[in-house]
Structure formats: structure tokens, C-alpha cells
Amino acid sequence: NAGVTQTPKFRILKIGQSMTLQCAQDMNHNYMYWYRQDPGMGLKLIYYSVGAGITDKGEVPNGYNVSRSTTEDFPLRLELAAPSQTSVYFCASSATGEDSYEQYFGPGTRLTVT
Amino acid sequence: QKEVEQNSGPLSVPEGAIASLNCTYSDRVSQSFFWYRQYSGKSPELIMSIYSNGDKEDGRFTAQLNKASQYVSLLIRDSQPSDSATYLCAVNIAGSNYQLIWGAGTKLIIKP
């Protein structure tokens, strides 16, 4: 089991460029999440999904977009990158049932926008 | 506004001592509470979950929950330098689709 995987590990974008952060999980989890973590701050939820074809906004969705065409994959799209999007991005997943609040994280993508 | 509060630290503890990390939360109906450990430059890793009032022990870790006081804590016994990390407290948002609200974390330093 690879768990939750994310690519790329690092990326530098110029202002106005776009990119997609990839996330995949092999645990057959229905729930998937995208967070951003700024230095010294807690995790902020960007978007989440409760299953293939179903996504919803979290606390800080502006400037981002997601899709969920399969159970395994949950890519995050950044359109028109801005310096405020410089952050570390984590993808996470959780199961349904009793342990469904227990979230498991990918290794993260460190993004710099200059 | 639902919140989870943690002292940012750093909390410095001698090796072999007990480290005590605290977390308070604002949502009275929250039912699920988690402690994650995050090493510098790494992703959060789940170390403890607790759902009922009282203590839950796992090896050197003990989570304590007091729902009446809206307080959850993590004790680390026989602290090791490898325990040096930031510890994040997370609490479920009642009525949400399995969302958590996160504290900003407490940085723990274990001094040899």
C-alpha cells in the first residue's frame, strides 16, 4: 500500500501561471481533502470530496478548483497563480464508518509563486 | 466560529520527562478528537484518537478528554529527542461531511 501520494514535491510558478497538483490514494477511501498550511499556521481546508463526482468548498476555496472522476484521484487546479498561494499543500483521505474522521496525509507539495 | 486553540510553544522538556500538550475547542457537540505529530518539512501523522471522556493509552502516549471542560490533552511519557516535533490537535465539526478543524500546533523540543 502506497497510501496517499502527491506530485510534484516542489514547484515554482510565476504569477499568472496555472498548474495541477496531483493526489492519489490506494486505500479505497471515499473521503478526500485538500489543505494548505502556511508557516506557523494550522491546516486550512481548500476543498473536499465525499466520493467520485461529488466535491464541495472548504474554508479557503478561492483561486482553486477540483474534480473527482475516480475514487482514487483528487487533483487540485490552481488557475492564475498569485503570491498568496505560496504554501505547502497536503492531500488527505479518510474511510467511511467508525474511523471516518481519521485522516491520512500525503507527503505534501511545496509551492512557491514569484 | 468554531475554533481549536493550542499554545504555540515551543515547549521544552528534558529527555525522560513527561511532556504535556493541551488543546481547547469551542464546539460543545464535537465527538471525535485527534492528535497528529508533524516533523519539520513532513506531513501530519495520526498518533492518537479519542472519542470518550477519560484517558486512552497507547505505548508512551496518553490522550485525555474532558468534554465538560472542552479540553483534550496529550501526555508523552519518557520523552525522547525523536519526539521533538509539532503536535496538532484536530476536532470534528459536528454535522459536517467528516471535516476536522485544526489547531495551529504546539512545537515540542526534547532536550537531551
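Residues numbered from 1 in each chain as written. Chains lettered and ligands numbered in written order. Predicted model: local features only at pLDDT ≥ 70, side-chain atom pairs only at ≥ 80, totals over all residues. Heavy atoms only, no water.

Caption draft 1: Here's a closer look at the sheet that holds strand β3 (residues 19-25) of chain B. All names here are of chain B. Strand order in the open sheet formed by 5 strands is β1-β3-β8-β7-β6, and the pairing between neighbours is antiparallel. Each edge of the sheet is formed by a strand with only one pairing partner; in this case those strands are β1 (4-5) and β6 (54-58). Sheet topology note: the β6/strand β7 (residues 61-66) ladder contains 5 bridges and is antiparallel. Within the sheet, the bridge partner assigned to D58 lies in β7 and is F61. (Pairing = 2+ DSSP bridges. Helix = DSSP H or I, 4+ residues; strand = E, 2+ residues; numbered from the N terminus.)

Caption draft 2: A look at the interface of chain B and chain A. Counting residues at the interface gives 22 residues for chain B and 23 residues for chain A. Between chain B and chain A the total buried area reaches about 1800 Å² when both faces are included, carbon and sulfur atoms providing 56% of it. Taken together, the links from chain B to chain A amount to 9 residue pairs in polar contact (both at pLDDT 80 or more). Residue assignment for the side of chain B that touches chain A shows that the elements contributing at least two residues are β4 (33-38), β5 (45-50), β9 (85-92) and β10 (100-102) of chain B. (Contact = heavy atoms within 4.5 Å. Buried area = accessible area lost by both parts, 1.4 Å probe. Polar contact = N/O pair within 3.5 Å; in protein donor to acceptor, adjacent residues only side chain to side chain.)

Caption draft 3: Molecular detail of unusual backbone geometry. For the peptide bond that leads from A:T7 to A:P8, omega is -5°, which places it in the cis range. Mapping A:P8 onto the fold places it in the loop between β1 (4-7) and β2 (10-13). In the segment running from B:G9 into B:P10, the intervening peptide bond is cis, with an omega of 10°. Relative to the helices and strands, B:P10 resides in the loop between β1 and β2 (11-14). Notably, A:L80 is not glycine yet its phi reads approximately 55°, a positive angle.

Caption draft 4: Structural view of the state of the cysteines. Tallied over the full model, the rule gives 2 disulfides over all chains. Note that A:C23 is cross-linked by a disulfide to A:C91, the S-S spacing being 1.9 Å. On the sign convention where negative is left-handed, the bridge of A:C23 and A:C91, at about -70° about the S-S bond, is left-handed. With A:C23 in strand β3 (residues 19-25) and A:C91 in strand β9 (residues 87-94), this pair connects stretches of sequence that are 68 residues apart. Disulfide pairing is shown between B:C23 and B:C89; the S-S distance is 2.1 Å. Its S-S torsion of about -75° marks the bond between B:C23 and B:C89 as left-handed, since a negative value means left-handed. Of this pair, B:C23 sits in strand β3 while B:C89 is found in strand β9, placing the two residues 66 residues apart along the sequence. The same class applies to B:C23 and to B:C89, which are both buried. (Disulfide = S-S within 2.5 Å. Buried < 20%, exposed > 50% of the residue type's maximum accessible area, 1.4 Å probe, protein only.)

Caption draft 5: A look at the side chain of B:S79. Residues and elements named next belong to chain B. Following the sequence through the fold, S79 ends up in the loop between β8 (71-76) and β9. You can call S79 buried: its relative accessible area is 0%. A distance of 2.8 Å separates the side chain of S79 from the backbone oxygen of A17, its partner in a polar contact.

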